[in-house]
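Structural description and commentary
Chain by chain, the residues run as shown.
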Amino acid sequence: RLLKSAYTVLATLPGIPAIFYGDEAGLEGYSDPFNRKTFPWGKEDKELIATAKRYIDSIISKQQSDGWICPCKREEIPKYDTWALQLICKTLKVYYECSGDERIPDVIYKVLKNYHELLSSGTMTLSGWGKYRWFETFISINFLYERYKEDWIRDLAKIVREQGFDYNKVTEAWKKPSHNWLRKTHIVNLTMMLKSEAVSHEMLGEEYTDNAEKLREILDKYNGTAFEGFTGDEVLSGLDPTRGTECCAVVEQMYSYEEMFAHTGDNKWAERLEVVGFNALPATLSEDMWVHQYVQQVNQVACQKTMIMAPWSTNGPYAHTFGLEPNFGCCTANFNQGWPKFALSAFMHKEDKIINSVMLPCVLTDKDVTIRLETDYPFNNKMHYYIDAKKDFTFEIRIPSFAKNLRLNGETVQTKDLGIAITQGKTEVEVEFEAVPYFKKRPNDLYALQMGSLIFSVPVAYEKKMREYTKKGVERKFPYCDYQFVPTTPWNYAYADD
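Residues numbered from 1 in each chain as written. Predicted model: local features only at pLDDT ≥ 70, side-chain atom pairs only at ≥ 80, totals over all residues. Heavy atoms only, no water.

Once that is clear, we can look at the pattern of salt bridges. Throughout the structure, instances matching the rule amount to 29 salt bridges. The partner of Lys175 in a salt bridge is Glu172, and the shortest N-O contact between them spans 2.8 Å. Classification of Glu172 as exposed rests on a relative accessible area of 57%. (Salt bridge = Lys/Arg side-chain N within 4 Å of Asp/Glu carboxyl O. Buried < 20%, exposed > 50% of the residue type's maximum accessible area, 1.4 Å probe, protein only.)

Here is the structure:
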């Protein structure tokens, strides 16, 4: 099992490590161990750290003596949807990985101990979102068991699994689009669900069967997209590339793949993570992250109000325009986890082996090792690693399956299993490979053009129309406004031949 690294990746902020492309970070300089030049990376943003800590402090201060931490009256607890409890424990776990705040393990311990008492006594049962997202609890259950090894934690795991929803029983409902809002076909539930076996099987003492691959194949066959996600606006929406994919589903699918690779070491999940992370996520956000879409389309030729609800299942006419909170606020609360968790997954470790799982331009720091990766991947398949080590270790680089003509320090290598023995001192490693563009066949005689992890698109010029309005008594004025994108150049191209 691969364990998520607690290393610092670039600027380690609480839950918000940064990825910087180019020299636009504007942070204090990062001292290069090779004394080549100074990089604008790596110093922590104290103001942002303090802001995050203020919220964490407030949440922790509300924890009651028995461990309960959610905002409801005591008499409401038996019927409370504990998705909120599952979520805050997951959030606190990630916060702890980034901050090292030693209060957090004890807070999570008390929350889950109380959760076990409530569930095991029959005072409450899983319901609502918590029932359909039971597997999210295992992020904090695994975290806790690694530290305390107490029997009640395993018992809680079994109870949560037994009361949780079994998606294997409803796969027939995934095979045709539906306009009925149901949790069993809800796109965000399903992208979260993919990691369920990976994160739970070890704690439950069960053999890993790669059940996610079977479920993913069904979802892809009947609802798949060129970026290897699924349509869902908000429920599964079929194969039409004009149907939408909810932004929350994109970031949750990325997180599922990150956890699945961490728990299984199966490279296919990291490779699929790249495709979603390098295509679907940036397509649905603005560069400054002030605006995003609620749903995006693979064939997205205009982002403007639709005259009727179609082509969406359950979303409104502004669902694929850009804004602070287009259609509904869940993606506003959720979209921003995409990049940080992607960055946290750039490096992982298994015992003393360090693994570069996703090739992002970043710096990894540990008390014994600093690794700086310079790369323009996936636009240029060349990676240059600068390593400064105080001890010997094995450095493993995950090479994608599509890589051709792999070269290590200029020499051609025949294997894609790159395990490199690094000795104490300063070392440079250069890895380079090629990727061949190809037509990716889609349903109904359609094709996408792909090379490596990148899917090609037509650069459609557009006019950006600001939409300012008042909603529920709140003014949506710039910069809190919405935008519609209207095409000004042709978009209706097709491939003429092979």
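After that view, the rundown keeps rolling.
Right, let's get into the sheet that holds strand E19 (residues 438–442). Spatial ordering of the open sheet is given by E19-E20-E21, a layout of three strands whose pairing is antiparallel. The open sheet has two edge strands with one neighbour each: E19 and strand E21 (454–455). Sheet topology places E19 next to strand E20 (residues 446–451); five bridges connect them, and they run antiparallel. The residue bridging Arg442 from the neighbouring strand is Leu446, located in E20. (Pairing = 2+ DSSP bridges. Helix = DSSP H or I, 4+ residues; strand = E, 2+ residues; numbered from the N terminus.)

Here the focus is the environment of Leu373. Along the chain, the position of Leu373 falls in strand E12 (residues 369–375). Residue classification places Leu373 among the buried positions, given a relative accessible area of 0%. Separated by 17 residues in the primary sequence, Leu373 and Asn356 place their C-alpha atoms 9.5 Å from one another. Once residues within four sequence positions are removed from consideration, Leu373 is found in contact with Asn356, Met359, Leu360, Pro361, Cys362, Met383, His384 and Tyr385. (Contact = heavy atoms within 4.5 Å.)

This brings us to the side chain of Gln253. Tracing the sequence through the fold places Gln253 in helix H10 (residues 247–264). Owing to a relative accessible area of 2%, Gln253 belongs among the buried residues under this scheme. In this view, Gln253 contacts Thr191, Glu228, Gly229, Phe230 and Val276; residues no more than four positions away in its chain are not counted.

Our focus in this paragraph is the pairing of strand E18 (residues 425–434). The pairing of strand E13 (residues 382–389) with E18 spans eight bridges and is antiparallel. Pairing of His384 across the sheet is with Glu430, part of E18. Note: strand E15 (residues 404–408) against E18, three bridges, orientation antiparallel. Bridge assignment links Lys404 to a residue of E18, and that residue is Glu434.

Time to look at the confidence of the model for the chain. Chain-level statistics for the chain give a pLDDT mean of 89 and a share of 91% at 70 or above. Contacts from residues 1–43, a stretch scored under 50 in pLDDT, to residues over four places away or in other chains number 124 contacts. (pLDDT = per-residue confidence, 0-100.)

The next point concerns the packing of helix H5 (residues 137–148) against helix H8 (residues 196–204). As a packed pair, H5 and H8 sit with axes 9 Å apart at the nearest point and diverge in direction by 40°. The angle between the axes of H5 and H8 places the two elements in the oblique class. In this structure, the crossing between H5 and H8 has a hand that is left-handed. Contact residues: H5 offers Phe138, Ile139, Ile141, Asn142 and Tyr145, while H8 offers Val199, Ser200, Met203 and Leu204. (Axes fitted to C-alpha atoms, helices over the stretch in contact; angles between N-to-C directions. Parallel < 35°, antiparallel > 145°, perpendicular 65-115°, else oblique. Left-handed = near helix turned anticlockwise from the far one by under 90°.)

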